[in-house]
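Structural overview
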Amino acid sequence: AEEAGDAMSKYLLEKLKMKENNWLGIWKANPDLFFVNSEDLVIPSVGILVEVTWKPPQSSSSQIKASVSVVEPFASNIANMPRELVDNILEELDHCVPLLEIYPVEGQDNTVFEIAQALDIVRFFYDFIWRDWDADESCETYAALVEERIKLWCDIQNGTIPAPLGHRFKKHLEKYKILRLELIQYQSNIEEEPTEEEVVECWKKYYELVMLCGLLKIWEDLRLRAHGPLTPRILRRRKGYRDDRKTVTHTVAKTMTAEMIKNFSLDAPLQHHENLNVALESCYSGDTVVIFPGEYKAVNLSMLTEDITIKGTGKPEETRIVSEPTHDTFVISKAQDIKLMHLTLVQQGTVDGIVVVESGHMTITNCVLKCEGTGVCVLTGASLTVTDSEITGAQGAGVELYPGSTALLEGNKIHHCNNTRASETSPRSLGGINIKVVPVPKLKMKNNHIFSNRGHGVTILQPTEIPASAEGVGELTASGDAEETLSKLMQDLRLEKNTNRLDDVKDIAVVHS
């Protein structure tokens, strides 16, 4: 790792030596050089057309820079950029700027084209491959680490990793770089002995940096790449029932009128909230949250621990709950028994399951789930009941059952899921429902319509090597008869195929992972 910088410099120098004459390029400078409040700008850099003169560096360890001069007529991507300001800044920089900030103009000779390619490769290395902690890696393992990072980038580019997951990784990487620069800047501004407040603030920034570093390292582990690491989240302690066992109905609406509550019981305790987040935070087990038509957001949906009912008052499309794009999660439940009714959940930006049942039981009735990341996930030991609902748009399967989970699906529509760019034979083309069968989940399906998914209606994901101790699937090997395999699995899973309508490429398929 400690040789990487020298290797990149040597590679660039070999290309630069091929060009003796000057050449044209765009200097993409940091806006902070030109503007006092660059945060208000929507452009990532200030572009200036320059003529580039390169001279060999005095030492191999120094950063490669190029001598530049402004080309006539003056040209910039910023309208009305003062020419005098650019001249003054270049004068301060002694007309030398980092070579990686220069982008050769197209239409010059082949040598300049090769320089442009070399600059792109080196930028890619520092933007995506190099990490600040790499200097601590041993020479024996660093080459393998670079290969894993290149593989990760390729998987994101070709769609093997769904686009939202790739976006999450890039967001974490960019956030790490920004936080590291903030920490360095904060430390440099401390004069003499730091105060207690400054020490605490440094520690907080450093701790967050370490957490992000850990997440990025997990991404680089090929075995943990399928879903990507979760951002650490705060786990909420379960409050349970009130001491007097009384329950409260929480109403949520932007504006409340007497007409809206006329159907509630006169002796029912009511609490009104304009904010769904506050309503969820106020709940104890046994409470009901009644949401009137409108569009809402609530971070607390990702920390459901109480046995409550959350329901809309009108048709599902009239009450919309939209996810926060900046969060990894949307709806996560660890409650023993929770119900969602008459709602539309719209996933925007989050990439984990639109609904994740981590433990306990969740019932979803007459809801519309518009996914953007993964669909509904039921983790090991958890259970789910979905009736008269619609699940659509998931990047993966509409419903994903982990080993040892339980699910009852009745009267639902699951469609237009798993629209990722992967080959038809890929295990990722899982379609409507994905079942991981060691140990066998308990699934009962009745009167569902599964259609227009990229892949199969129901995919049974079976390991190629099945442990001898795995009950119910030990005899289902790749060499077994396909019909017997399906028949046995359908019997174990209680799939009532004749009452469900599956219109995808293949209604039920066994995929060996």
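Residues numbered from 1 in each chain as written. Predicted model: local features only at pLDDT ≥ 70, side-chain atom pairs only at ≥ 80, totals over all residues. Heavy atoms only, no water.

1. Some remarks on the sheet that holds strand β11 (residues 319-322)
Backbone-to-backbone hydrogen bonds join strands into a sheet, with any given pair of strands oriented parallel or antiparallel. The strand order across the open sheet formed by eight strands is β9-β11-β14-β17-β20-β23-β26-β28, and the pairing between neighbours is parallel. A single partner strand is all that each edge strand has here, and the edge strands are β9 (294-296) and β28 (501-502). Pairing between strand β20 (residues 390-392) and strand β23 (residues 413-415): three bridges, direction parallel. Across the sheet, residue Thr-392 finds its bridge partner in β23, namely His-415. (Pairing = 2+ DSSP bridges. Helix = DSSP H or I, 4+ residues; strand = E, 2+ residues; numbered from the N terminus.)

2. Regarding empty space enclosed by the protein
Under the counting rule described, the total for this entry stands at two cavities of 30 Å³ or more. For the largest cavity, the calculated volume is near 60 Å³. In terms of lining residues, the largest cavity is bounded by Ala-298, Val-299, Ser-302, Val-322, Ser-323, Glu-324, His-327, Thr-329 and Phe-330. In terms of residue class, the lining of the largest cavity is made up of four nonpolar, four polar and one charged. (1 Å grid on protein atoms, 1.4 Å probe; cavity = no way out; pocket = protein on both sides within 12 Å on 5 of 7 lines; lining within 4 Å. Points joined across faces, edges and corners; volume = space filled by probe spheres on them. Nonpolar A, V, L, I, M, F, W, Y, C, P; charged D, E, K, R; others polar.)

3. Notes on the pattern of salt bridges
Within this structure, the stated rule accounts for 17 salt bridges. Of the charged contacts, one joins Arg-180 and Asp-132 as a salt bridge, the two residues approaching to 3.2 Å between their closest N and O atoms. Here Arg-180 is found in helix α5 (residues 163-188), whereas its partner Asp-132 is found in the loop between α3 (110-129) and α4 (139-157), with 48 residues between them in sequence. One connected set of salt bridges, linked through shared partners, spans Glu-72, Arg-83 and Asp-87. (Salt bridge = Lys/Arg side-chain N within 4 Å of Asp/Glu carboxyl O.)

4. Examining the packing of helix α1 (residues 4-16) against α3
It is at 9 Å that the axes of α1 and α3 come closest, and there the two elements cross at 170°. By the criterion of interaxial angle, the relationship of α1 to α3 is roughly antiparallel. Of the residues in α3, those touching α1 at Ala-4, Gly-5, Met-8, Tyr-11, Leu-12, Lys-15 and Leu-16 are Glu-114, Ile-115, Ala-118, Leu-119, Ile-121, Val-122, Phe-125 and Tyr-126. Of the residues that constitute the contact of α1 with α3, the class distribution is 12 nonpolar, one polar and two charged. (Axes fitted to C-alpha atoms, helices over the stretch in contact; angles between N-to-C directions. Parallel < 35°, antiparallel > 145°, perpendicular 65-115°, else oblique. Contact = heavy atoms within 4.5 Å.)

5. Thoughts on the environment of Thr-288
With respect to the helices and strands, Thr-288 occurs in strand β8 (residues 288-291). Other than its neighbours up to four places away in sequence, Thr-288 contacts Val-248, Thr-249, His-250, Thr-309 and Lys-311.

6. Topic: a nonpolar patch on the surface
A contiguous nonpolar patch, built from Trp-203, Tyr-206, Tyr-207, Val-210 and Met-211 and spanning about 520 Å² of accessible area, is present on the exposed surface. A residue is classified by how much of its surface remains accessible, and Tyr-207, at 46% relative accessible area, is partly exposed. (Patch = residues over 30% accessible without salt bridge, like charges linked within 9 Å, V, L, I, M, F, W, Y side chains within 5 Å. Areas by Shrake-Rupley, 256 points an atom, 1.4 Å probe, with all protein chains shown as cover. Buried < 20%, exposed > 50% of the residue type's maximum accessible area, 1.4 Å probe, protein only.)

7. Brief notes about the packing of aromatic side chains
Taken as a whole and judged by the stated rule, the model has nine aromatic pairs. Each ring, one from Phe-125 and one from Tyr-126, has its centre 5.2 Å from the other, and the planes form 80°; the classification is edge-to-face. What makes Tyr-126 partly exposed here is its relative accessible area of 30%. Ring centres 5.8 Å apart and planes at 40° place the aromatic pair Trp-203 and Tyr-206 in the tilted group. Taken together, the positions of Trp-203 and Tyr-206, both in helix α6 (residues 196-219) and three residues apart, correspond to about one turn of that helix. (Phe/Tyr/Trp six-rings, centres within 6.5 Å; stacked < 30°, edge-to-face > 60°.)

8. As for unusual backbone geometry
With omega at -5°, the peptide bond leading from Glu-72 into Pro-73 counts as cis. In this fold, Pro-73 is placed in the loop between β3 (65-70) and α2 (83-92). Non-glycine residue Arg-245 carries a positive phi angle of around 65°. By the element assignment, Arg-245 lies in the loop between α6 and β6 (249-252). Even without glycine at this site, Asp-388 takes up a positive phi of about 50°.

9. A closer look at the environment of Ile-435
Relative to the assigned elements, Ile-435 resides in strand β24 (residues 433-436). Expressed as a C-alpha distance, the spacing of Ile-435 and Val-399, which sit 36 residues apart in the sequence, is 8.4 Å.

10. Considering the sheet that holds β6
With respect to topology, nine strands assemble into an open sheet ordered β7-β6-β8-β10-β13-β16-β19-β22-β25, the strand pairing being parallel. In this open sheet, the two strands that pair with only one neighbour each are β7 (270-273) and β25 (442-446). Ignoring which end each strand starts from, the neighbouring axes of this sheet average 10° apart. Two strands pair when backbone bridges link them, and β6 and β8 are joined in this way by four bridges, in the parallel orientation. Across the sheet, Thr-251 pairs through a bridge with Val-290, a residue of β8.

11. A closer look at the pairing of β3
Walk down a regular strand and you will see the side chains alternate between the two sheet faces. Of the two faces of β3, the one holding Ala-66, Val-68 and Val-70 is buried and the one holding Lys-65, Ser-67 and Ser-69 is not buried anywhere. In this sheet, β3 lies alongside strand β2 (residues 46-53) in antiparallel orientation, the contact comprising four bridges. When the bridges of β3 are listed, Val-52 appears paired with Val-68. Bridge analysis of β3 against strand β4 (residues 96-98) gives three bridges, and the strand direction is antiparallel. When the sheet's bridge partners are listed, Lys-65 is paired in β4 with Pro-98.

12. Some remarks on the pairing of strand β10 (residues 309-312)
The sheet contact formed by β8 and β10 spans four bridges and is parallel. Counterpart to Ile-291 in the pairing with β10 is Gly-312. With three bridges joining them, β10 and strand β13 (residues 337-341) adopt parallel strand pairing. Looking at β13, one finds that Ile-310 is bridged to Leu-340.

13. Some words on the nonpolar core
Grouped together as the largest cluster of nonpolar side chains are 54 residues, with contacts concentrated most on Trp-23, Trp-27, Phe-34, Leu-99, Ile-102 and Phe-169. Sort the elements by how many residues they give to this core and α3 lands first, with eight residues. When neighbours within four sequence positions are excluded, Phe-169 is seen to be in contact with Phe-128, Arg-131, Leu-152, Ile-156, Leu-216 and Trp-219. If you look at the next biggest cluster of nonpolar residues, it comprises 53 residues, including Leu-345, Val-355, Ala-382 and Ala-394. (Core = buried A, V, L, I, M, F, W, Y, C linked by side-chain atoms within 4.5 Å.)

Spatial relationships are all this shows, so hold off on functional conclusions.
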